[in-house]
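# Structure assessment
The lines below spell out each chain.
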Amino acid sequence: MAFKLGPLNLNAVAQGVGGLVFGSGNKSPEDDDGGVEELLERISNGKLADDRRNAMAELEVAVAENRAAKLAFGAMGFPILMAVFREERDDLEMVRGALETLLHALTTEERMYKEADQVQPGLVNSELLAREPDSIALVLSLLDETDFYVRYHTLQLLTALLTNCPARLQDVIVATPQGIPRLMDMMLEREVIRNEALIVLAYLTRSAEEIQKIVVFEGAFDRLISIIKEEGGSEGSIIVQDCLELLNNLLRNNPSNQIFLRETLGLQPIASLLKLRKGSADGFTQQKSVNLLCALETVALLLAGGPNAKPGKDANVVANQTLFAQNKLLDILLALCVEGRVSAVAIRCSALRCIGDLVAWHHGNQDLLGSKVIGEDADSEPALNCVLRLLLRSTNLSECIAAEYVFKCFCEGNPDGQTMLASTITPLPQSHGRGNNRVVENEKQMSLGSMLVQALISSDGRNDIEASCRAASVLSHILNGNVQCKERVLKIPLEIPSSSLSPPELLMPRCMRYLAAAVPSTSSINESPGSIWLQPVLLRLLVTWLVDCPLAVSSFLDPPAHLPFLVDLTASSGSLASVHVAGLAAVLLGACIIFNSEQGSKDATVVVDIISQRVGLTNYFSKWEEMEKSSLFVSATSASRLPKPLTRLTAAAAAAGDGMISIPSDHHQQVQSFSNENLLEPLVTTFYDAEFVVFIKQLEPVVRERIVDIFAHPKSRVMVDTLGFEPQKGETDNDYIQRLRTSLQNQAQEMQNLLERNSALVEDLLASSNGTEASKVGEEKALRASIHSQGGGVSKAEVESLKQQLEVAQQWVEAVQNEKQGLELEYQQFKQIALDKENDFRGLSDAYNALEQDNVRLEQELKTLRAALQEGGMVSVSPSSAELETVREAGRQEAQKESEGELNDLLVCLGQEETKVERLRARLEELGEDVEKLLEGIGDQEGEAEDEDVDE
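Below, the structure is looked at part by part. Note that this is a predicted model, so its numbers are computed, not measured. (Residues numbered from 1 in each chain as written. Predicted model: local features only at pLDDT ≥ 70, side-chain atom pairs only at ≥ 80, totals over all residues. Heavy atoms only, no water.)

## Observations concerning the overall build of the chain
Scanning the chain from N- to C-terminus turns up 47 helices and four strands. By the burial criterion, 47% of the 952 residues in the chain qualify as buried. Across the chain, every contact between residues at least 6 apart in sequence was considered, and the portion connecting residues at least 24 apart equals 74%. Put simply, the chain shows about 47100 Å² of open surface, and 52% of that area lies on carbon and sulfur atoms. (Helix = DSSP H or I, 4+ residues; strand = E, 2+ residues; numbered from the N terminus. Buried < 20%, exposed > 50% of the residue type's maximum accessible area, 1.4 Å probe, protein only. Contact = heavy atoms within 4.5 Å. Areas by Shrake-Rupley, 256 points an atom, 1.4 Å probe, with all protein chains shown as cover.)

## Concerning helix 3 (residues 49-65)
Compared with an ideal rise of 1.5 Å per residue, which puts 17 residues at 24 Å, helix 3 spans 25 Å between its outermost C-alpha atoms and is within 8% of the ideal. Those residues of helix 3 lying buried are Arg-52, Ala-55, Met-56, Leu-59, Glu-60, Ala-62 and Val-63. (Expected span 1.5 Å × (residues − 1).)

## Here we look at a negative patch on the surface
A cluster of like negative charges, contributed by Glu-914, Glu-918, Glu-925, Asp-930 and Glu-936, occupies part of the molecular surface. By the secondary structure assignment, Asp-930 is in the loop between helix 45 (881-926) and helix 46 (931-935). The exposure class assigned to Asp-930 is partly exposed, which follows from its relative accessible area of 42%. (Patch = residues over 30% accessible without salt bridge, like charges linked within 9 Å, V, L, I, M, F, W, Y side chains within 5 Å. Salt bridge = Lys/Arg side-chain N within 4 Å of Asp/Glu carboxyl O. Lys, Arg positive; Asp, Glu negative; His and termini not counted. Charge placed at Lys NZ, Arg CZ, Asp CG, Glu CD.)

## Examining helix 19 (residues 315-326)
Over its twelve residues, helix 19 extends 17 Å from the first C-alpha to the last, a length consistent with the 16 Å expected when each residue adds 1.5 Å. Contacts made by the buried residues of helix 19 are with helix 16 (255-264), helix 17 (268-273), helix 18 (286-304), helix 20 (329-337), helix 21 (345-359) and helix 22 (363-371). Residue Asp-314 occupies the N-cap position of helix 19, its side-chain oxygen lying 3.1 Å from the main-chain nitrogen of Asn-316. Where helix 19 terminates, the next one or two residues include Lys-328, which has phi positive at roughly 65 degrees. (Polar contact = N/O pair within 3.5 Å; in protein donor to acceptor, adjacent residues only side chain to side chain.)

## Details of the nonpolar core
With 227 residues, the main nonpolar core has Phe-73, Leu-274, Leu-546, Phe-556 and Tyr-688 as its most contacted residues. Judged by nonpolar contacts, the second largest core, of five residues, contains Leu-823, Phe-830, Val-917 and Leu-920. (Core = buried A, V, L, I, M, F, W, Y, C linked by side-chain atoms within 4.5 Å.)

## Examining the packing of aromatic side chains
Taken as a whole and judged by the stated rule, the model has nine aromatic pairs. Note on Tyr-620 and Phe-621: the rings are 4.9 Å apart at their centroids and 70 degrees apart in plane angle, and the pair reads as edge-to-face. Assessed through its relative accessible area of 1%, Tyr-620 is described here as buried. Seen in terms of ring centroids, Phe-621 and Trp-624 are 6.4 Å apart; in terms of plane orientation they differ by 25 degrees. Their pairing is stacked. One end of the pair is Phe-621 and the other is Trp-624, both in helix 37 (residues 617-629) and three residues apart, which spans about a single turn. Each member of the pair, Phe-621 as well as Trp-624, is classed as buried. Taken together, Phe-148, Tyr-149 and Tyr-152 form an aromatic cluster joined through their ring pairs. Across from the ring centre of Tyr-203, 4.4 Å away, lies the NZ or CZ of Arg-206, which sits over that ring. (Phe/Tyr/Trp six-rings, centres within 6.5 Å; stacked < 30°, edge-to-face > 60°. Lys NZ or Arg CZ within 6 Å of the ring centre and 35° of its normal.)

## A word on the environment of Arg-168
Following the sequence through the fold, Arg-168 ends up in helix 10 (residues 166-175). What makes Arg-168 partly exposed here is its relative accessible area of 31%. Aside from chain neighbours lying at most four places away, what touches Arg-168 is Glu-127, Ala-130 and Arg-131.

## Description of the pattern of salt bridges
In this structure the tally under the stated criterion is 31 salt bridges. Between Arg-42 and Asp-51 there is a salt bridge, and its shortest N-O distance comes to 2.9 Å. Overall, Asp-51 belongs to the partly exposed group, its relative accessible area being 28%. With a shortest N-O distance of 3.0 Å, Glu-231 and Arg-194 are connected by a salt bridge.

Functional significance is not addressed by these values, which are geometric in nature.
Here it is as structure tokens:
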């Protein structure tokens, strides 16, 4: 079992160190450690100082020349040498010897060992030493010594440690008191020590944000700018490169340090590093090229801001853009990339990308670039024209990508700039467009639009198609997000017709013609491998053009051949670019569905029908998904705008390279794919970027939803002409019957075709869900019946959506049933309340009748008493009959008022209940219930009782 610690194989370490310490039976000459153990014993326990110094010198030689001695020293030597640093610091010879011995022990050999598991002694010893924080603190304390060689070798020792185990040493140095300040003090020493200190600090600050803050707090910016000026700026030596590397480490993804630099020293020192001296032409030394690349990296870092900076919304980035523009950085960058004074491709590419970053989402800088003119008055030319010419003519793909990036940044968030560029697009005379006899004007007098059109209509071989595709990529940025520009370019003819009879050719049909001409064949791929990437660029232009522009969609679909050809492109295969051609064709079809005006002859329903008939919706969306899973698409999802960091190991190769170092990581995969094809001719530019990828991912679910909606609500395809069924004048009965029979037969045949088509779609739907449970068979049958009844169909890709719709419908039915049950229960409750009110009314009536009976009885008793008194001769003390009648009438009226009030209240309650009953009756009738049947037998008995009361 192999035990590993980071890059170390501990088994191999144990075998190598253990064999050297304890010995082994078979000791080859290669395993001879040169007596390291004896030498360490003499250093540790020797009595004579000279003997101990001699032992240190012999140990240094042994460790420097013998790999086995390095391993043996790492196993037992560190504590002894640390003791020398602590106890014998006054003996400079011993300290120097110990430092040099440690340096040899930590240095990793450049040669590779033959055995795969063989241990690298320098890496092992570095890990062992870095694990001892006290030892690292002791080594750092040696920087306080006054001896030159002690400090020099100490810095070299720290560099070796940082090379082998940077992360561990960074943590130890941060935790060591006065660790970083000691290193910063070394930058004030003599040049040799200062240069070594720069290397150590460059290693320390690569990925440690805390160390970066401490270094800046110790005044790193002032010291670095001073050293760069002392060394001669970009003309200086490798020390300028080290200073710029350290400066870039402090600025990378660190907005606080960027703000501190801008507010303390300003950005003028950075811009001045890139300024070329008047009269200086190409022929830069390699070191000057590296220095310029590092300075351009500094500019890129300042214009990128922090890791979460959003273009146009980050205050730090906007402030840097504004200050750089005030320092004339745009003129300096244009001199590096388009004036022809620099032949290094890497420098030109980096300068172009810096121009893009300088103007991105900054309206002031965009206007400045749009009005910038290069050259003297007689030979002056707009800067954008120079960038476009560079894009069209360059033989280097990285330079093409960088030049296109300038147009991308100029057009983003700049509708006025887009309109200005679109206004320069005008038709060319017929002589400019074709053949070898065309008249070539002075290109410096041509507008940018004329250069674009001339490149777009070139047709002298496949190389001109590549130029057309590059021009198409620029045009896509001019049109992106600007409906007015899209509609304007849609109507501009490419050439002035030679005669009034010949119709002018527009740009969109020409793009489709080039798209067809760029279809790769076996011979074309062998002769021109790069031609396979031409179609994706043109498809990208068409997608950009059609989005949010129904007029462009209508113009695209009007020619009968466009839609079938585009559908056929979704079946592309046989080349590396086939996945992207098919995927982008699917995206273009999706744009035709979503942004269709629904007014032309080919609406969204027609597009969906053609896709389902010729490709199948499942296959259509599979092409989309395959494109999204491709490595080029995935690599473009990165939104990083930063180039790779330049170090001593990579800077020289980058300066002499093809400009790849200036390309962000999200485009590396695309460029490398082109490079792997060993292409010998100019290439097109890339066709994916982060914004376009986000748009495609957002468009796909919208297209799916729209297709489901089309099938769920099919458009009526047969318009019934009722007038056609009426007899026509002069038509006999036989002719009329024959005409009707023919019409019915045609309609029956059309209906049969629709049924067959729907049946095929249903079979696809059912075949895609073979793994479903048996309980869902009824649902599938209902779904098939629904599709037949609607006259539409669905594909396999819509199975899940339709099932979800079915589940929603079932849930709705259940909700309606629950609502029906609730209404029935409420109806029964209100009916019971009505019965209770009726019973109360009957009780009130009975009480009134009883009161009347009592009144009659009392009157009778009163009459009897009055008659008895009169017969006895007594004077009547009773009131007269008139008075009694008055009292009786008052009592009757009072009782009647009380009963009428209660009766009115009861009638109001009955009216309200009757309204509720009527509403319940209407709702039950809507739900299909027979209300009369529910009310049978209710109220019969109560009705009879009421009749009896009325009779009484």
